[in-house]
Amino acid sequence: MAKSGAMKLWFSSAALLLLCCFLLPSALAEDRFYEFVVQETLVKRLCESQKIITVNGQFPGPTIEVYNGDTVAIKAVNMARYNVTLHWHGLRQLRNGWADGPEFVTQCPIRPGGSYTYRFTIQDQEGTLWWHAHSSWLRATVHGALIIHPRRGLPYPFPKPQKEFPVILAEWWRRDPIAVLRQSMITGAPPNVSDALLINGQPGDLLPCSSQETSIIPVVAGETSLLRIINAAMNTELFVSLAGHRMTVVAADAMYTKPFDTTVVLLGPGQTTDVLVTAHAPPGRYYLAARAYASAQGVPFDNTTATAIFQYKNAAPGCPTTSGRSSSRSSSGHLGRPGPRPMLPFLPAFNDTNTATAFSNSLRSPHPVKVPGPVTQEVFTTVGFGLFNCRPGPFCQGPNNTRFGASMNNVSFQLPNTVSLLQAHYHHIPGVFTDDFPAFPPVLFDFTSRNVPRPLWQPVKGTKLYRVRYGAVVQIVFQDTGIFTAEEHPMHIHGYHFYVLATGFGNYDPRRDEAKFNLVDPPSRNTIGVPVGGWAVVRFVADNPGVWLVHCHIDAHLTGGLAMALLVEDGGNELEATVPPPLDLPVCVL
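Right, let's walk through the structure included here. (Residues numbered from 1 in each chain as written. Predicted model: local features only at pLDDT ≥ 70, side-chain atom pairs only at ≥ 80, totals over all residues. Heavy atoms only, no water.)

This paragraph deals with the side chain of R539. Structurally, R539 can be placed in strand β30 (residues 534-541). The side chain of R539 is buried and forms no salt bridge, while E514, the nearest opposite charge, is found at 6.7 Å. Among the polar contacts listed, one links the side chain of R539 to the backbone oxygen of P372, at a separation of 2.9 Å. Within the structure, R539 has its side chain in polar contact with the side chain of Q475 (distance 2.6 Å). (Helix = DSSP H or I, 4+ residues; strand = E, 2+ residues; numbered from the N terminus. Buried < 20%, exposed > 50% of the residue type's maximum accessible area, 1.4 Å probe, protein only. Lys, Arg positive; Asp, Glu negative; His and termini not counted. Salt bridge = Lys/Arg side-chain N within 4 Å of Asp/Glu carboxyl O. Polar contact = N/O pair within 3.5 Å; in protein donor to acceptor, adjacent residues only side chain to side chain.)

Spelled out as structure tokens, the structure:
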């Protein structure tokens, strides 16, 4: 009898322990609240003071640090003179497109003087993401890091670093970025390129009036740091390198990867990459540098180099330098912070597609994955430029007296301006969009030829969505075109992560290229660089109902119309349907 009682006690204890294991993660989750005040702030860069739009007066904006499972509420208060929305880049926002943020896609903008609280739960995501404005060109200065730690008590799948640092890459204009965009929209010409690249809000030692504020990453000899690199640049893909050290890539777009060592990281706008760096070099000061990867031939780009300093604690004078001599001056010739001149890293040439391709092809999931299949809905879409014909004059300053444009499957995407697409879908409002986005190009041609016939250069404007059945296995082939010029396009799908099955150059041919699919350990991403003059194949399960924007994350291309949207239908029960809109959703007005 005693033995039976002991057994019952043991089973009860085991059951209780098992129950605790299931309940503990949710019990440890927290509710987090932030207030983001969007406001005008006076800052100084490149020897000039100017007013920019910031969040809470910070540039870059505040870092959000949460844990997997946390519930987050962020009240956005718009005290600026422009309309604004905020997007939480890479968050899936399951069934909750109302918190996704792209203007006139999932919400109407927050007008000056208004506010809106974004509410969402972090569900089975961890790693480095970021947040940014998704209205006009405000994200040039309205952006920041979004760091999701593993559930409390759970480790990283790699040795825990001693320190972690966000590294946010961006661009800087000497003018208001909104004015740069407006000039482009009036003239029809591509927008002016930026005047400088930035690391954590600063150009670095190589540009005038900048060395005193160069970003410093403090490290201790022998310790390992996790650098969470974010490309928040508006229009520029970037190579990043660190002098004197190798980097171990462990994650991309908040998805863990099979670790690999590299001296160069490539990030398109919107992408993030986590790297481990061990401070094993002789104690000193070393440049972390970023420079453009400009894949389009003959197109202007920002050719500056941004720098930060990877600085060892108590680095002794006379440490390694680019010239072998110590100096108290920065490499720009301006009197900078005390210490020897940092060592510059090797950076690839701006048109080094081989290095860009080698890096992208190195990304793999850490373990074999179950790739969804078979495919039940497939989209083959061209991505690239277009030119709108018009009469010569001040409004036709694009190439050969045209207006610059862009498109997917020859449709140049137009946003509504009276109601958001998600509201129109949810409330069955007619006349806002059509659901006939073509699943294949309307005209087949040699997509990557440098001599595409001129009649194919002019797209058609429209607000066309592609309807997807809930639970469908969706495969999208993104095909770059040679219209005007070929260029690598970082394509971002809101509301989803997807497996990248393959990329390649030239025209995609399923009979030839399906054999190249990685169905074992493909990387999972939310933004994929479609190779210049090439293609990319991605696949995912449509398990997130709502309206989700698909677009090039180079904003000059997005504003030209390089976008479409997926309309993912509700499933068969309440837990497979879009949640009702929040009561404080911004009101749409003309």
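Residues of strand β5 (residues 86-89) alternate between two faces, with L86 and W88 on one and H87 and H89 on the opposite face, all of them buried. Here β5 runs beside strand β7 (residues 127-133); their pairing, made up of 4 bridges, is antiparallel. Its bridge partner being in β7, H89 is matched across the sheet by W130. (Pairing = 2+ DSSP bridges.)

Our focus in this paragraph is the environment of N314. The residue N314 is located in the loop between β19 (305-312) and α3 (353-361) in this model. The spacing of N314 and M491 is 177 residues in sequence and 43 Å in space, taken between C-alpha atoms.

Summed over all chains, the structure comprises 24 aromatic pairs. Seen in terms of ring centroids, F158 and Y256 are 6.1 Å apart; in terms of plane orientation they differ by 75 degrees. Their pairing is edge-to-face. Within this pair, whereas F158 is found in the loop between β8 (143-149) and β9 (163-172), its partner Y256 is found in strand β15 (residues 255-262), the two being separated by 98 residues in sequence. For F158, a relative accessible area of 11% gives the class buried. Accessibility expressed as a relative area gives 23% for Y256, which makes it partly exposed. (Phe/Tyr/Trp six-rings, centres within 6.5 Å; stacked < 30°, edge-to-face > 60°.)

Next up on the list: the nonpolar core. W88, F478, M491 and I493 are the most contacted members of the largest nonpolar core, which totals 86 residues. Residue contributions to this core peak at 6 residues, all from strand β32 (residues 563-568). One finds L197, I229, L242 and V532 within the second-largest nonpolar core, a separate group that totals 41 residues. (Core = buried A, V, L, I, M, F, W, Y, C linked by side-chain atoms within 4.5 Å.)

Further remarks concern the sheet that holds strand β17 (residues 272-278). Reading across the sheet, the 6 strands line up as β10-β9-β12-β17-β14-β15 and stay open at both edges, with mixed pairing between neighbours. Only two strands of the sheet have a single neighbouring strand rather than two, namely β10 (196-199) and β15. Geometrically, the sheet is characterised by an average inter-axis angle of 25 degrees between neighbouring strands, direction not taken into account. Two elements, β9 and β10, share 4 bridges in a ladder whose sense is antiparallel. Counted as the bridge partner of E171 is L197 from β10. (Axes fitted to C-alpha atoms, helices over the stretch in contact; angles between N-to-C directions.)

All right, on to the state of the cysteines then. Applying the stated criterion across every chain, the model contains 3 disulfides. Here C47 pairs with C209 through a disulfide, and the sulfurs are 1.9 Å apart. A torsion of 90 degrees about the S-S bond marks the disulfide between C47 and C209 as right-handed. Of this pair, C47 sits in the loop between β1 (31-45) and β2 (48-55) while C209 is found in the loop between β10 and β11 (216-219), placing the two residues 162 residues apart along the sequence. By relative accessible area, which is 36% here, C47 ends up partly exposed. Through a disulfide, C390 is tied to C396; the S-S separation comes to 2.1 Å. We classify C390 as partly exposed; its relative accessible area is 27%. When the cysteines of the protein that form disulfides are numbered from the N-terminus onward, they connect as 1-3, 2-6, 4-5. (Disulfide = S-S within 2.5 Å.)

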